[in-house]
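What follows is each chain in one-letter form.
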Amino acid sequence: ELKVEQNPLFLSMQEGKNYTIYCNYSTTSDRLYWYRQDPGKSLESLFVLLSNGAVKQEGRLMASLDTKARLSTLHITAAVHDLSATYFCAVDPPGGNQFYFGTGTSLTVIP
Amino acid sequence: NAGVMQNPRHLVRRRGQEARLRCSPMKGHSHVYWYRQLPEEGLKFMVYLQKENIIDESGMPKERFSAEFPKEGPSILRIQQVVRGDSAAYFCASSPRKQGTPNYGYTFGSGTRLTVV
């Protein structure tokens, strides 16, 4: 079965610091998605990465995709408290009918 | 456009009862997906449906769970004789096109949180 692993699972960081969340997956895919989930809420789409080398940025978040390494990163720059949430990556392999989600990274930004 | 509507938002059932979860896709979306999220875990695929057809139910438990997406009305995920282990958040997503086609994309509903007591 396809595996999607995120690390770290839990991340506590101070405001203003930088950090990277990693998403590794075990099969060929050139589509990867990042979502944010606040407690008790649904998933909010952050980034859609559709090719090797894709890089997208929105505010303090930047996502990249390396399909050869089967790795995506979500980089947080100068974290602020509002970024506290759980972040999921999801892989969409060719010919499939489902997304495979990572286990999630619970981010807490401390003032 | 109201987005993907799920109801109820919260559902409490006693062990052995039935749970019915509803999902109305976005207008113009004919592809519906159900996912389950257990506490502290990521989402796991359950079933993919198009109008009146189940396309892929490889993630559905073999017993007690069923899904439909009739010609008229919302998609329904039905869980019979619920057990404590069914307690989870159930999310529905819809898309206008088949997964993998250009400009394909999911929109998630706000979920139904099922608690079995």
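Here the structure is shown first, and the text comes after it.
Values in this document were obtained by computation on a predicted structure and should not be read as measured data. (Residues numbered from 1 in each chain as written. Chains lettered and ligands numbered in written order. Predicted model: local features only at pLDDT ≥ 70, side-chain atom pairs only at ≥ 80, totals over all residues. Heavy atoms only, no water.)

Colleague: So, the layout of surface pockets: which residues are in play, and what are the values?
Modeller: Considering only enclosed or pocket space, the largest pocket measures out at about 490 Å³ in volume. As for the largest pocket, its lining consists of 22 residues, and the residues nearest its centre are Gln37, Thr86 and Phe88 of chain A together with Gln37 and Glu40 of chain B. For the lining of the largest pocket, the elements supplying multiple residues, two or more each, are strand S9 (85-91) and strand S11 (105-110) of chain A. If one sorts the elements of the lining of the largest pocket by residue count, S9 of chain A sits on top with 3 residues. Split into classes, the residues belonging to the lining of the largest pocket amount to 8 nonpolar, 9 polar and 5 charged. Of the pockets and cavities examined, the second largest pocket occupies roughly 290 Å³. Taken together, 17 residues line the second largest pocket, and the ones lying closest to its centre are Glu1, Leu2, Tyr100 and Phe101 of chain A together with Lys44 of chain B. Elements that contribute at least two residues to the lining of the second largest pocket include exactly strand S1 (4-7) and strand S10 (100-101) of chain A together with strand S5 (43-50) of chain B. Of the residues that constitute the lining of the second largest pocket, the class distribution is 7 nonpolar, 6 polar and 4 charged. (1 Å grid on protein atoms, 1.4 Å probe; cavity = no way out; pocket = protein on both sides within 12 Å on 5 of 7 lines; lining within 4 Å. Points joined across faces, edges and corners; volume = space filled by probe spheres on them. Helix = DSSP H or I, 4+ residues; strand = E, 2+ residues; numbered from the N terminus. Nonpolar A, V, L, I, M, F, W, Y, C, P; charged D, E, K, R; others polar.)

Colleague: Summarise the interface of chain A and chain B; cite the residues concerned and give the values.
Modeller: Contact residues are listed per partner, giving 17 residues for chain A and 23 residues for chain B. Summed over both partners, the interface of chain A with chain B comes to about 1,600 Å²; 47% of that surface belongs to carbon and sulfur atoms. On the surface where chain A and chain B come into contact, there are 6 residue pairs in polar contact (both at pLDDT 80 or more). Among the elements that take part in the side of chain A that touches chain B, strand S4 (residues 32-37) of chain A stands out by supplying 3 residues, more than any other. Classifying every residue of the side of chain A that touches chain B by side-chain character gives 6 nonpolar, 8 polar and 3 charged. (Contact = heavy atoms within 4.5 Å. Buried area = accessible area lost by both parts, 1.4 Å probe. Polar contact = N/O pair within 3.5 Å; in protein donor to acceptor, adjacent residues only side chain to side chain.)

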